[in-house]
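Architecture and fold: a report
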Amino acid sequence: MSILPGAEPMRHDGSETGVLVCHGFTGSPQSVRPWADHLAAQGLTVSLPLLPGHGTRWEDLAVTGWQDWYATVDRELRDLSRRCEQVFVCGLSMGGALALRLAARHGDAVSGVAVVNPAVTFPRLQGYALPLGRFVLRSAKGIASDIAKPGAQEVGYERVPTHAAYSARDFFRRVLGELPQVTQPLLVMHSRVDHVVPPSDSALVLSKVSSGDVTETVLEDSFHVATLDHDAERIFADSYGFITRLAARKTARDGA
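Residues numbered from 1 in each chain as written. Predicted model: local features only at pLDDT ≥ 70, side-chain atom pairs only at ≥ 80, totals over all residues. Heavy atoms only, no water.

In the nomenclature of an unreviewed UniProt entry, the chain is known as Esterase of Streptomyces daqingensis.

Here you go:
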């Protein structure tokens, strides 16, 4: 199946500092490509994979689950760890949940985590209906392109396959339970107004992680896909500053 224009994965070889960037549910690398490109332009080694079932047609997503999505980013993290001295994980929405689970499960292999509007809960009413409803209704209305900036568009599906949504619900529950295992420095950037993931999800992340170094940034002028919205440049600058601060601290510590 051909990949939608703009949804291609991206890799860039740069310095000994690696960054794994994860896109969200029903989206594609296009939604976070400017973020990845910015980090690559600063000389970092960057990997932005395409999650299974994404970037083609929604029917392809219907036959995948969270195990497939997580296996992809886990594999990319292991590859970056072989090539780089330190690795940071970043993500938007469900990509944020993937990044947080990588941090929880890989410990010191992850040097820091930066997330934008991370999703760790599922809408309650839809969640109640999914166990049986997914066998009756194949898909529901899409969630792509929640963007305040005029003219900005996300390359994502117009329909959400209900089987995949059920799997995403299960994944969020798992990640929520694993958040206390996240001990790495954490940067949480979230929109004040988000029509896809409530800001309370970011509050949950902040309240449950065990990180001692935590920074919260409120994005005042963007909706859910903030990486394509008015606050994109702030996300890029804040995350790069976060990464370089921690990378420099590790270098100084190793040289002491």
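What follows is about unusual backbone geometry. For Asn-117, which is not a glycine, the phi torsion comes out positive at approximately 45°. The topology assignment puts Asn-117 in the loop between β5 (112–116) and α5 (124–133). Look at Ser-145: it is not a glycine, yet its phi comes out positive at around 65°. (Helix = DSSP H or I, 4+ residues; strand = E, 2+ residues; numbered from the N terminus.)

Bringing the side chain of Gln-30 into the picture now. Checked against the element boundaries, Gln-30 lands in the loop between β2 (17–22) and α1 (33–41). Residues contacting Gln-30, with those up to four places away along its chain left out, are Gly-6, Ala-7, Gln-153, Glu-154, Val-155 and Leu-228. (Contact = heavy atoms within 4.5 Å.)

To continue, consider the nonpolar core. Judged by nonpolar contacts, the single largest core of 43 residues is most densely connected at Phe-25, Trp-69, Leu-100 and Val-113. For this core, the secondary structure elements donating two or more residues are β2, α2 (58–61), α3 (66–83), β4 (86–92), α4 (94–106), β5, α6 (162–178) and β8 (186–191). The element best represented in this core is α4, accounting for eight residues. Beyond its immediate stretch of four places on either side in the chain, Trp-69 contacts Phe-25, Leu-51, Pro-52, His-54, Leu-61, Thr-64, Met-94, Leu-98, Ala-164, Ser-167 and Ala-168. Residues Leu-48, Ala-152, Val-225 and Ile-235 belong to the second largest nonpolar core, which totals 30 residues. (Core = buried A, V, L, I, M, F, W, Y, C linked by side-chain atoms within 4.5 Å. Buried < 20%, exposed > 50% of the residue type's maximum accessible area, 1.4 Å probe, protein only.)

Here the focus is the pairing of β8. Working note: regular strand, side chains alternate between the two faces of the sheet. β8 sits mainly inside the fold: six of its six residues count as buried. Every second residue of β8 is oriented toward a common face, with Leu-186, Val-188 and His-190 on one face and Leu-187, Met-189 and Ser-191 on the other, all of them buried. Inspection of the sheet shows β5 paired to β8 by four bridges, in the parallel sense. In the strand pairing of β8, Val-115 is matched with Val-188. Bridge count between β8 and strand β9 (residues 214–219): six bridges; the pairing is parallel. Looking at the pairing, Ser-191 lines up with Leu-219 of β9. Read as a crossover between parallel neighbours, the route from β8 over helix α7 (residues 199–208) to β9 is right-handed. (Pairing = 2+ DSSP bridges. Right-handed = clockwise from strand over helix to strand, strands pointing away.)

Another aspect to go through is α4. Taking 1.5 Å per residue as the helical rise, α4 with its 13 residues ought to reach 18 Å, and the 18 Å between its terminal C-alpha atoms agrees with that figure. Here α4 lies mainly inside the structure; 12 of its 13 residues are buried. Every buried residue of α4 is accounted for by Met-94, Gly-95, Gly-96, Ala-97, Leu-98, Ala-99, Leu-100, Arg-101, Leu-102, Ala-103, Ala-104 and His-106. Following α4 by one or two positions, Gly-107 adopts a phi angle in the positive range, close to 55°. (Expected span 1.5 Å × (residues − 1).)

A sheet is described by the order of its strands in space; here seven strands give the open sequence β1-β3-β2-β4-β5-β8-β9, paired in mixed fashion. Looking at the sheet topology across the chains shown, the edges are occupied by β1 (10–12) and β9. Across the sheet, the mean angle separating the axes of adjacent strands is 15° when strand polarity is ignored. Two strands pair when backbone bridges link them, and β1 and strand β3 (residues 45–48) are joined in this way by three bridges, in the antiparallel orientation. Residue Met-10 lies in a different strand from β3, and its bridge partner there is Leu-48. Along the sheet, α4 contacts β2, β4, β5 and β8; its crossing angle with β4, the most-contacted strand, is approximately 150°. Sitting on the sheet, α7 is in contact with β8 and β9, with an inclination near 165° to β8. (Axes fitted to C-alpha atoms, helices over the stretch in contact; angles between N-to-C directions.)

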